[in-house]
Structures are given as C-alpha cells and as structure tokens.
Amino acid sequence: MQWYIDVLKKYLVFDGRARRKEYWMFVLFSAIASIILSIIDRVLGTTYNNGTSGILQTIYGLAVLLPTIGVAIRRMHDTNRSGWWILINLIPCIGWIWFIVLAAQEGTAGQNQYGQDPKGAERFGGPGQAGPAEPGYPTV
C-alpha cells in the first residue's frame, strides 16, 4: 500500500525514475480500487453506459489519471527511454502489449540521463542499508 501512496504523493512529478515494484504495485492497487468502486456503483445503481461504467469508478479514474501518467513516464525513464514511449499505448491492438513488455523490463543499473537508480542502495549496498546487497547484483 505504501507504493500506492508514494505515487499519489508525487501527483504531478513527471521527472525522475520509478522502479518496477513502484509501478506494478500502483497498477495493482489502482485496479483493485477500480473493481471495488465498480461493484459499489452496481449496488448503488449509479451505473451508466448500459451498466459498464459507474459514477464512482469514473471519478476515481479521473482522480488518478495524472499520477498514472506520471508513474508510467518515470517507469520509462528507469529503462532509459523517453517518457513519450507511453504513447505507444495508442497503437491499436498491440500498443498496450508492447508497453507492458517495456514496463516489465529491468531498469538501468546506476545513474542514467533521468536520474539516480531507485534500486541503487539494494543493488550496491548503499549507505544506511542494514543488510547486504540484493542477491545477483555486484557489491562494488
């Protein structure tokens, strides 16, 4: 839940980097919230568009639109791509699949043109870290 709250705190932040866990946890909690609100809409009878959409679900979708765009742009930055790559979702049929593949890729180790590595402390045993570096990463 903390990953979801952190993204909401960065409501209009489009620069920097977002690690995979931050992006996918936000997507997960956002999908769960949307499903719950959809159920509430159906129970309350506040659906429209032949029952496929609801007022609460629509308000929630609009409220998290900018944080969703922001975290997606920061995710692309973590893979050393421009934030404009999120527009690949506009390609019919395959765009969203292509974006999922890009978002699921490992971020660039170390600093890139978009900022410091958000996993740097885990990968390289940074200062203030209690335990050893994450397995599989060099401890330089």
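Higher on the page you've got the structure.
Throughout, a residue's number is its position along its own chain's written sequence, starting from 1. Restriction of local features to residues with pLDDT of at least 70 applies here, the model being predicted, together with a cutoff of 80 or more for giving and counting side-chain atom pairs; totals for whole chains, interfaces and linings are based on all residues. Hydrogens and water are ignored here; the side-chain numbers use all heavy atoms of the structure.

Participant: I would appreciate a short explanation of the overall build of the protein chain in the present structure.
Facilitator: Secondary structure follows DSSP: runs of H or I at least 4 residues long count as helices, runs of E at least 2 residues long count as strands, and numbering of each begins at the N terminus. The secondary structure content of the protein chain amounts to 6 helices and 2 strands. Beginning at the N terminus, the succession of helices and strands in the protein chain can be written as α-α-β-β-α-α-α-α. Across the 140 residues of the protein chain, 31% fall into the buried class. Sequence-distant contacts in the protein chain: of pairs separated by 6 or more residues, those separated by 24 or more amount to 56%. The buried label goes to any residue with under 20% of its type's maximum accessible area, the exposed label to any with over 50%, and the partly exposed label to all in between, with areas taken from a 1.4 Å probe on protein chains only. Two residues qualify as a contact provided that any one of their heavy atoms is within 4.5 Å of a heavy atom in the partner residue.

Participant: What is the right way to read a nonpolar patch on the surface from this model?
Facilitator: The residues that make up patches have over 30% relative accessible area and no salt bridge, and they are joined within 9 Å when like-charged or within 5 Å when they are Val, Leu, Ile, Met, Phe, Trp or Tyr. Surface accessibility follows the Shrake-Rupley procedure with a 1.4 Å probe radius. Residue values consider only the protein chains on display as shielding. Just to be clear on terms, a salt bridge is a Lys or Arg side-chain nitrogen sitting within 4 Å of an Asp or Glu carboxyl oxygen. Together, Leu28, Ile32, Ile35, Ile36, Ile39, Ile40, Val43, Leu44 and Leu56 line one region of the surface with nonpolar side chains, adding up to about 820 Å² of accessible area. If you tally residues by element for the nonpolar patch, the top one is helix 2 (residues 20-44), at 8 residues. Note on placement: Ile39 falls in helix 2.

Participant: Would you mind going over the nonpolar core with me for this structure?
Facilitator: Here is a general trend for soluble globular proteins: nonpolar side chains tend to be buried in one another's company. One finds Tyr23, Phe26, Val71, Met76, Ile86 and Phe99 to be the most contacted residues of the largest nonpolar core, which totals 17 residues. When residues of this core are assigned to their parent elements, the largest contribution, 4 residues, is made by helix 4 (residues 65-78). Excluding anything up to four places from it in sequence, Ile86 contacts Ile69, Ala72, Ile73, Met76 and Phe99. For the purposes of this section, nonpolar cores are sets of buried Ala, Val, Leu, Ile, Met, Phe, Trp, Tyr and Cys residues that join through side-chain atoms within 4.5 Å.

Participant: What exactly am I supposed to notice about the packing of aromatic side chains here?
Facilitator: The aromatic pairing rule takes the rings of Phe, Tyr and Trp, using the six-membered ring of Trp, and pairs them if the centres are within 6.5 Å, calling planes under 30 degrees apart stacked, those over 60 edge-to-face and the rest tilted. In the structure shown here, the tally under the stated rule is 5 aromatic pairs. Ring centres 6.3 Å apart and planes at 50 degrees place the aromatic pair Tyr4 and Phe29 in the tilted group. Note that Tyr4 is positioned in helix 1 (residues 2-9) and Phe29 in helix 2, a separation of 25 residues in sequence. We classify Tyr4 as buried; its relative accessible area is 9%. Under the relative-accessibility criterion, Phe29 is labelled partly exposed at 22%. These aromatic residues form a ring-pair network of at least three members: Tyr4, Phe26 and Phe29.

Participant: Looking at this model, I keep getting lost on the pattern of salt bridges. Mind explaining?
Facilitator: Pairing of side chains with opposite charge becomes possible as their charged atoms draw close. One pass over the structure, following the stated rule, counts 7 salt bridges. Here Glu22 ties to Lys10 by a salt bridge, and the two come within 3.6 Å at their closest N and O atoms. Placement of the pair is Glu22 in helix 2 and Lys10 in the loop between helix 1 and helix 2, with a sequence separation of 12 residues. Under the relative-accessibility criterion, Lys10 is labelled partly exposed at 30%. In this structure, the salt-bridge partner of Arg20 is Glu106, at a minimum N-O distance of 2.4 Å. With Arg20 in helix 2 and Glu106 in the loop between helix 5 (95-104) and helix 6 (120-124), this pair connects stretches of sequence that are 86 residues apart.

Participant: Please explain the side chain of Asp41 as it appears in this structure.
Facilitator: Of note, Asp41 is situated in helix 2. None of His or the chain ends enter the tally, which takes Lys and Arg as positive and Asp and Glu as negative. Despite its burial, Asp41 pairs with no opposite charge, the nearest such side chain being Arg42 at 7.9 Å. A polar contact is formed between the side chain of Asp41 and the side chain of Thr46, at a distance of 2.6 Å. If we skip the residues at most four places from it in the chain, Asp41 touches Thr46, Thr47, Gly54, Ile55, Leu56 and Gln57. In protein, a polar contact requires one atom able to donate a hydrogen and another able to accept it; more generally it is a pair of N or O atoms within 3.5 Å, and residues adjacent in sequence count only if both atoms are side-chain atoms.

Distances and angles like these do not, on their own, reveal function.
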